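Listed below, chain by chain, are the residues.
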Amino acid sequence: DVKVTQSSRYLVKRTGEKVFLECVQDMDHENMFWYRQDPGLGLRLIYFSYDVKMKEKGDIPEGYSVSREKKERFSLILESASTNQTSMYLCASVSFEYTGELFFGEGSRLTVL
Amino acid sequence: GESVGLHLPTLSVQEGDNSIINCAYSNSASDYFIWYKQESGKGPQFIIDIRSNMDKRQGQRVTVLLNKTVKHLSLQIAATQPGDSAVYFCAENSGGSNYKLTFGKGTLLTVNP
C-alpha cells in the first residue's frame, strides 16, 4: 500500500514556539505538498516542492517555511507559532505522471495556545 | 453545492438512493478537475477525475459531469451506502499544473440507514 505518513497526529504548542511537522512518503514521488484545512474554507496550499531542495510558495505561505533535504521527506516549519495557525495540516504527494491523484497523509491537528 | 461562506453545505440521503454533489468552479482556464472524499479523521482520498475535453466520466458507482459553459461540476453516487458518508471536495488545476490544485470548500454527505 502506498503511504504518506505524518509524524504527529495531534500537537499542542504555545504562542512563539517553533513547530516542525514532518511528512514522509514511500512512493518515490517527486512532488510533495503542505495544505492547511479549516472548517468552511477547504484545503489551502501553503508550500509545495517538486524536487529535493526545491520549493515554491502556495496560496498562504506567510508564517511558514519548508525543508526538503531528501526526496521522501517534506517538513513544514512554523518559526514562531501563533494562535491563527491552529489548524489541521495535511501533507500530500504525487508523481510527475499526468495525474491529479494526490496521496494524502492522515493530517496533523495543531493547536496553538 | 460548494459555498464561499464558512458553512459547509450538507446533503442527507437515504441508503440506496442516488446522491448528487455539485461544485461551481472558479477559473474558466482550468482544464482538469478532480473529486476527493474525506472521511472523518482521515486525509482526502482521490475518487475520480475528468479533463475538460470530456463532459462525462464514469467510475465504479460514481459519475462526474462537467459543464464548462456554466463552470459546473457534479459527482453522482449511485446506490449510496453508509460508507459513502464523508466530506466531498472538488478541485481544479487553476494554477495551470495538474498538481497545484485549488480545492472547493466541501460538501458533507450523510447517508441515513
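The structure under discussion appears in the preceding block.
Cut-off values and rules
Residues numbered from 1 in each chain as written. Chains lettered and ligands numbered in written order. Predicted model: local features only at pLDDT ≥ 70, side-chain atom pairs only at ≥ 80, totals over all residues. Heavy atoms only, no water. Helix = DSSP H or I, 4+ residues; strand = E, 2+ residues; numbered from the N terminus. Buried < 20%, exposed > 50% of the residue type's maximum accessible area, 1.4 Å probe, protein only. Contact = heavy atoms within 4.5 Å. Areas by Shrake-Rupley, 256 points an atom, 1.4 Å probe, with all protein chains shown as cover. Pairing = 2+ DSSP bridges. Axes fitted to C-alpha atoms, helices over the stretch in contact; angles between N-to-C directions.

In this section: the overall build of chain B. Looking only at helices and strands, chain B has zero helices and 10 strands in total. Going residue by residue from the N terminus, the α and β elements of chain B occur as β-β-β-β-β-β-β-β-β-β. Looking at chain B as a whole, 42% of its 113 residues qualify as buried. When contacts within chain B are restricted to residue pairs at least 6 apart in sequence, those whose partners lie at least 24 apart make up 54%. Accessible area of chain B: about 5,500 Å², with a carbon and sulfur share of 48%.

A few words now on the sheet that holds strand E3 (residues 19–25) of chain A. All names here are of chain A. Taken together, four strands build an open sheet; the order of strands is E1-E3-E8-E7 and the sheet is antiparallel. Because the sheet does not close on itself, it has two edges, and the strands there are strand E1 (4–6) and strand E7 (65–70). Sheet twist, expressed as the mean angle between neighbouring strand axes with direction ignored, is 20 degrees. Summarising the sheet, E1 and E3 pair through three bridges and their orientation is antiparallel. Following the sheet pairing, Thr5 is matched in E3 by Val24.

Outside of glycine, negative phi angles account for most residues, and trans bonds account for most peptide bonds. Residue A:Lys53 is not a glycine yet carries a positive backbone phi of 65 degrees. Along the polypeptide, A:Lys53 turns up in the loop between strand E5 (42–49) and strand E6 (56–57). Phi is positive for B:Arg61, which is not a glycine, with a value near 65 degrees. You can see B:Arg61 is positioned in the loop between strand E5 (56–58) and strand E6 (62–67). The class for B:Arg61 is partly exposed, based on a relative accessible area of 31%.

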